[in-house]
Amino acid sequence: MKEDTQIKCPNCGTSIDVQDILAHQLEEEIKQKYQSQIAVEKKRYEFEQEKLKREKAEFLEKKKQENELFQERLENQLKEGKKEIESKLKLKLKEEQSEQFDALQKELNEKSEQIKSSIEPRLKLKN
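Residues numbered from 1 in each chain as written. Predicted model: local features only at pLDDT ≥ 70, side-chain atom pairs only at ≥ 80, totals over all residues. Heavy atoms only, no water.

Asks: Honestly, the overall build of the protein in this entry has me stumped. Any pointers?
Replies: Helix and strand content of the protein: one helix and two strands. Mapped in sequence order, the helices and strands of the protein form the string β-β-α. Against the globule reference of 14 Å for 127 residues, the protein gives a C-alpha radius of gyration of 53 Å, more extended than a compact globule. With respect to the principal axes defined by its C-alpha atoms, the protein has extents near 170 × 25 × 15 Å. Burial status across the protein gives 2% buried among its 127 residues. Of the roughly 12,800 Å² that the protein leaves accessible, carbon and sulfur atoms contribute 55%. Put simply, the protein has 28 plus and 29 minus side-chain charges, and the middle of one group is 10 Å from the middle of the other. (Helix = DSSP H or I, 4+ residues; strand = E, 2+ residues; numbered from the N terminus. Rg over C-alpha atoms; globule rule 2.2 N^0.38 Å. Buried < 20%, exposed > 50% of the residue type's maximum accessible area, 1.4 Å probe, protein only. Areas by Shrake-Rupley, 256 points an atom, 1.4 Å probe, with all protein chains shown as cover. Lys, Arg positive; Asp, Glu negative; His and termini not counted. Charge placed at Lys NZ, Arg CZ, Asp CG, Glu CD.)

Asks: Just to check I follow, could you spell out a negative patch on the surface for this structure?
Replies: A cluster of acidic residues, E61, E68, E72 and E75, forms a negative patch at the surface. Take E61: it is sitting in helix α1 (residues 18-126). For E61, a relative accessible area of 40% translates into the label partly exposed. (Patch = residues over 30% accessible without salt bridge, like charges linked within 9 Å, V, L, I, M, F, W, Y side chains within 5 Å. Salt bridge = Lys/Arg side-chain N within 4 Å of Asp/Glu carboxyl O.)

Asks: Can you help me understand a nonpolar patch on the surface in this one?
Replies: A contiguous nonpolar surface patch, about 410 Å² in accessible area, is contributed by L26, I30, Y34 and I38. Overall, I38 belongs to the exposed group, its relative accessible area being 56%.

As structure tokens, this is what we get:
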């Protein structure tokens, strides 16, 4: 059978195995086909990798912006809370001071009346 697959070169007379040549050609065709498929898949993979990198960068930027916005809102809420507490404390202090002032004024008025009532009899005596 091996002789059936052998041919002789018309120029030099060398024996050539036709099956080897056909197998080699078939191998080359298959190799080229798969290499081109691999190249296409590699390009598609690289494109997807770049796309994922961009999406990751966008996601991180959005996350950063949202964190900054959240931080800003939190700081504003804390400032508002602080202002509210300060205004309540000021109001309470004013009320306490007002009560103290009223008590002192009442005490002063009472003392004035006492002094007035103690001086009045002396003034009548002198006249």
